[in-house]
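Now for the letters of each chain:
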2 protein chains.
Amino acid sequence: MEKIRRNERMSVMMKILAGEPGKMSTLNRFCEMFGAAKSTVSEDVDALRKVAREFDLGEIETVTGAAGGVLYRPVRNRESSLKYIQGLCRELSGTERVLPGNYLYYSDILSTPDIVNRMGEILATEFRDANPDFVLTMETKGIPVAFAAANALGTPLVIARHSSKVYEGSAVNINYVSGSGNMETMSLSRRAVRENQRALIVDDFLRGGGTARGMVELMREFNVSVAGMGFVMSTLTPEKKRISGEKSLMTLEVREGEIPEAIVRPSAWLNPA
Amino acid sequence: MEKIRRNERMSVMMKILAGEPGKMSTLNRFCEMFGAAKSTVSEDVDALRKVAREFDLGEIETVTGAAGGVLYRPVRNRESSLKYIQGLCRELSGTERVLPGNYLYYSDILSTPDIVNRMGEILATEFRDANPDFVLTMETKGIPVAFAAANALGTPLVIARHSSKVYEGSAVNINYVSGSGNMETMSLSRRAVRENQRALIVDDFLRGGGTARGMVELMREFNVSVAGMGFVMSTLTPEKKRISGEKSLMTLEVREGEIPEAIVRPSAWLNPA
């Protein structure tokens, strides 16, 4: 085999590590891949860590010891996250996206991969110290961003449904009061989670918090604790939600009038000041 | 600014390009980022292309001309894809995952990010020459893999719903016959797609093809052509589906008996021979 250069080894490692966020790779994996000594690969990793930090590409972490290795976390710095969300807010604000009933059309934003991945990374950065074992969402619109957050954290995604399906096996059902004030059902397969795990709740939209409250109660049924709650957007009113401690990326206010106007702002916690 | 080394430039470019599959970056973007000459960046790209191919990490494509630049495609070679799917088949086969009614439990597989991303890349590799403008799926279970395929192709994801929602704006509804033989409704926001686009249909499961047939008809209402259809799993029976030309990653057969057993195999088209 031709000798593999440092620039080649580093590029390959960056691709592999960044493609598997939160997943530990042993140095041996790369030693074998490149036919290189551990000291060489170790120097490569040091150089990668430095360059990743310099260009705000995330963190390369090294864990020493027998079960050790190297892993990548798509951590975003607060300034670049705020700038990104400000750009989204400009795109969502105005009169064009307001629907009858003062709803905001943003399904397109919620399913455009590069936007969704970035939002997932920002939420993952915020909640990674809470150490969730999985990300929980309620079908449907929040699934892509919840998946992106799970991907960035290196955890599974768990999806609660409106009703239990034959192909999910036995399930736990709870009733909850939805935003529209109706009683609804939320269902989760018994196989989906285990006792004493930690859930990060991620969803696209928070108004009164009924659905989020339902997810909290669903987790209680499984003896799972809630490590955090992140949303893409929350409405300014009602100010008091049925949950607390949540973080959303943006807040929505719709100014009524002949032509209603949406005002979308980055949430206060994103401000680095 | 300290001079940035080739190994640093290449690692950064690999991370950025691989993080935005199918999205063109100009060489100028990197020239500015590194304070480097175009000829230097161009040599870096050549080296990246070579190493990406050598380690089966995907393709780095260069497009020349005024609108030109460089982009990454997570193309997987057939051998490694087959090997990966064979591993999944081993995990899914057996008696443990068979549910009452001979359904197979694999919701966990459908929402584990690294598995979902890999399946999405394999489908994207297969259908990229069909040039889809977006990926279409029907809620709920197929959303993560459809999102991963859209991500790998660099296209938006479009999600059809069971009913139209107030926050999606005006919608087109069609009726279709589901797998269970019931008439159901499928709904898509008018804003979601444009005339004359090309859709790649991706979903988790294909039995009779009723839902898939519904998606094809829904696209007809929008004057959108279907560029391809990819599924995670299809059942061996009924052999004749209500659609044709589809590709699935795995086929499922459940052998009845006191303890029913699932036999899951890679689909024939994945065989490189």
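The rules we used
- Residues numbered from 1 in each chain as written.
- Chains lettered and ligands numbered in written order.
- Predicted model: local features only at pLDDT ≥ 70, side-chain atom pairs only at ≥ 80, totals over all residues.
- Heavy atoms only, no water.
- Contact = heavy atoms within 4.5 Å.
- Buried area = accessible area lost by both parts, 1.4 Å probe.
- Salt bridge = Lys/Arg side-chain N within 4 Å of Asp/Glu carboxyl O.
- Polar contact = N/O pair within 3.5 Å; in protein donor to acceptor, adjacent residues only side chain to side chain.
- Helix = DSSP H or I, 4+ residues; strand = E, 2+ residues; numbered from the N terminus.
- Nonpolar A, V, L, I, M, F, W, Y, C, P; charged D, E, K, R; others polar.
- Buried < 20%, exposed > 50% of the residue type's maximum accessible area, 1.4 Å probe, protein only.
- Expected span 1.5 Å × (residues − 1).
- Pairing = 2+ DSSP bridges.
- Core = buried A, V, L, I, M, F, W, Y, C linked by side-chain atoms within 4.5 Å.
- Axes fitted to C-alpha atoms, helices over the stretch in contact; angles between N-to-C directions.
- pLDDT = per-residue confidence, 0-100.
- Least-squares fit on C-alpha atoms with pLDDT ≥ 70 in both.
- Phe/Tyr/Trp six-rings, centres within 6.5 Å; stacked < 30°, edge-to-face > 60°.
- Lys NZ or Arg CZ within 6 Å of the ring centre and 35° of its normal.

1. What about the interface of chain B and chain A?
Phase 1 of the analysis: Counting residues at the interface gives 52 residues for chain B, matched by 52 residues for chain A.
Phase 2 of the analysis: In this assembly, chain B packs against chain A so that about 4,700 Å² is buried in total across both faces, 66% of it on carbon and sulfur atoms.
Phase 3 of the analysis: The tally of links from chain B across to chain A stands at four salt bridges.
Phase 4 of the analysis: Close ionic contact of B:Lys23 with A:Asp114 constitutes a salt bridge, the shortest N to O distance being 3.4 Å.
Phase 5 of the analysis: Inspection of the chain B/chain A interface yields eleven residue pairs in polar contact (both at pLDDT 80 or more).
Phase 6 of the analysis: Tallying contributions element by element places helix H1 (residues 6–19) of chain B first for the side of chain B that touches chain A, with ten residues.
Phase 7 of the analysis: The class makeup of the residues in the side of chain B that touches chain A is 29 nonpolar, ten polar and 13 charged.

2. A closer look at the pattern of salt bridges
Phase 1 of the analysis: The final tally for this structure, using the stated rule, is 39 salt bridges over all chains.
Phase 2 of the analysis: With a closest N to O distance of 2.7 Å, A:Arg76 and A:Glu121 form a salt bridge. Residue A:Arg76 is found in the loop between strand S2 (69–73) and helix H4 (78–92), and its partner A:Glu121 is found in helix H5 (residues 113–127); the two are separated by 45 residues along the sequence. Each member of the pair, A:Arg76 as well as A:Glu121, is classed as buried.
Phase 3 of the analysis: B:Arg49 serves as the salt-bridge partner of B:Asp46, at 2.4 Å between the closest nitrogen and oxygen. Of this pair, B:Asp46 and B:Arg49 both sit in helix H3 (residues 38–54), three residues apart, which is roughly one turn of the helix.

3. Some details on H4(A)
Residue and element names in this part refer to chain A.
Phase 1 of the analysis: For H4, with 15 residues, the first-to-last C-alpha span of 21 Å sits near the 21 Å given by 1.5 Å per residue.
Phase 2 of the analysis: Among all positions of H4, only Ser80, Ser81, Leu82, Ile85, Leu88, Cys89 and Leu92 are buried.
Phase 3 of the analysis: Those residues of H4 that are buried lie in contact with strand S4 (103–104), H5, strand S10 (225–235), strand S11 (247–255) and strand S12 (261–266).
Phase 4 of the analysis: Where H4 begins, the capping side chain belongs to Asn77, and its oxygen is found 3.1 Å from the backbone nitrogen of Glu79.

4. Description of the pairing of strand S6 (residues 157–160) of chain B
Residues and elements named next belong to chain B.
Phase 1 of the analysis: Side chains Leu157 and Ile159 project from S6 onto one buried face, and the interleaved Val158 and Ala160 project onto a second face that is buried too.
Phase 2 of the analysis: Here strand S5 (residues 134–138) pairs with S6 via four bridges, running parallel. Across the sheet, residue Met138 finds its bridge partner in S6, namely Ala160.

5. Here's the deal with the nonpolar core
Phase 1 of the analysis: Core analysis: the largest hydrophobic core is formed by 80 residues, its most contacted members being A:Met119, A:Met233, A:Met250, B:Met119, B:Met233 and B:Met250.
Phase 2 of the analysis: Aside from chain neighbours lying at most four places away, what touches B:Met233 is B:Leu92, B:Leu104, B:Tyr106, B:Asp204, B:Phe205, B:Leu206, B:Ser248, B:Met250, B:Leu252 and B:Val264.
Phase 3 of the analysis: Counting residues in hydrophobic clusters, the runner-up holds 44 residues, among them A:Val12, A:Leu48, B:Val51 and B:Ala52.

6. Some thoughts on the sheet that holds strand S9 (residues 198–206) of chain A
Within a sheet, adjacent strands bond to each other through the backbone by hydrogen bonds, running parallel or antiparallel.
Residues and elements named next belong to chain A.
Phase 1 of the analysis: Strand order in this open sheet of six strands is S6-S5-S9-S10-S11-S12, and the pairing throughout is mixed. The open sheet has two edge strands with one neighbour each: strand S6 (157–160) and S12. Between one strand axis and the next, the sheet turns through 25° on average, direction left out of account.
Phase 2 of the analysis: In this sheet, S9 lies alongside strand S5 (residues 134–138) in parallel orientation, the contact comprising three bridges. Within S9, the residue paired with Val135 across the bridge is Leu200.

7. Focus: the confidence of the model for chain A
Phase 1 of the analysis: Across chain A, the average pLDDT comes to 94, with 99% of residues at 70 or higher.
Phase 2 of the analysis: Across the assembled chains, the prediction reports ipTM 0.95 with pTM 0.96.

8. Observations concerning the environment of A:Ile115
Phase 1 of the analysis: Residue position: A:Ile115 is located in helix H5.
Phase 2 of the analysis: C-alpha separation for the pair A:Ile115 and A:Pro260, spaced 145 residues apart in sequence, amounts to 26 Å.

9. Examining the relation of the copies chain B and chain A
Phase 1 of the analysis: With an RMSD of 0.0 Å, chain B superimposes on chain A once it is rotated by 180° and translated 0.0 Å along the axis. Such a turn and shift between the copies fits a two-fold axis.
Phase 2 of the analysis: With an isologous cut-off of 70% or more, the 100% of interface residues of chain B that recur at the interface of chain A puts this contact in the isologous class.

10. Looking at the sheet that holds strand S9 (residues 198–206) of chain B
Residues and elements named next belong to chain B.
Phase 1 of the analysis: Taken in spatial order, the six strands line up as S6-S5-S9-S10-S11-S12 in an open sheet, and their pairing is mixed. On the outer flanks of this sheet lie S6 and strand S12 (261–266), each paired with one strand and no other. Within the sheet, the average angular offset between the axes of one strand and its neighbour, ignoring direction, is 25°.
Phase 2 of the analysis: In this fold helix H4 (residues 78–92) packs onto strand S10 (225–235), strand S11 (247–255) and S12, with an angle of close to 180° to the strand it touches most, S12.

11. Looking at the environment of B:Val166
Phase 1 of the analysis: With respect to the secondary-structure elements, B:Val166 resides in the loop between S6 and strand S7 (171–177).
Phase 2 of the analysis: On the basis of relative accessible area, B:Val166 is assigned to the exposed category, the value being 53%.
Phase 3 of the analysis: In this structure the C-alpha to C-alpha distance between B:Val166 and B:Leu82, which are 84 residues apart in sequence, comes to 43 Å.
Phase 4 of the analysis: Apart from residues no more than four positions distant in its own chain, B:Val166 is found in contact with A:Leu99 and A:Tyr103.

12. Some thoughts on unusual backbone geometry
All names here are of chain A.
Phase 1 of the analysis: Looking along the chain, the bond that leaves Glu139 and enters Thr140 is cis, with omega of 15°.
Phase 2 of the analysis: Note that Thr140 resides in the loop between S5 and helix H6 (143–153).
Phase 3 of the analysis: Note that the residue after Thr237, namely Pro238, is joined by a cis bond; omega there is -5°.
Phase 4 of the analysis: Tracing the chain through its elements places Pro238 in the loop between S10 and S11.
Phase 5 of the analysis: Even without a glycine there, the phi angle at Asn131 is positive, about 55°.
Phase 6 of the analysis: Mapped onto the elements of the fold, Asn131 is located in the loop between H5 and S5.

13. Remarks on the packing of aromatic side chains
Phase 1 of the analysis: What the rule picks out here adds up to seven aromatic pairs over all chains.
Phase 2 of the analysis: Both rings, one in A:Phe30 and one in A:Phe34, keep their centres 6.3 Å apart while their planes meet at 15°; by these two values the pair is stacked. One end of the pair, A:Phe30, and the other, A:Phe34, are both in helix H2 (residues 27–34), four residues apart, so they sit about a helical turn from each other.
Phase 3 of the analysis: On the basis of relative accessibility, which here comes to 0%, the residue A:Phe30 falls in the buried class.
Phase 4 of the analysis: Judged by its relative accessible area of 4%, A:Phe34 is buried.
Phase 5 of the analysis: Cation over ring: A:Arg191 sits above B:Tyr105, and NZ or CZ is 5.0 Å from the ring centre.
Phase 6 of the analysis: It is A:Lys247 that lies over the ring of A:Trp269; its NZ or CZ is 5.4 Å from the centre.

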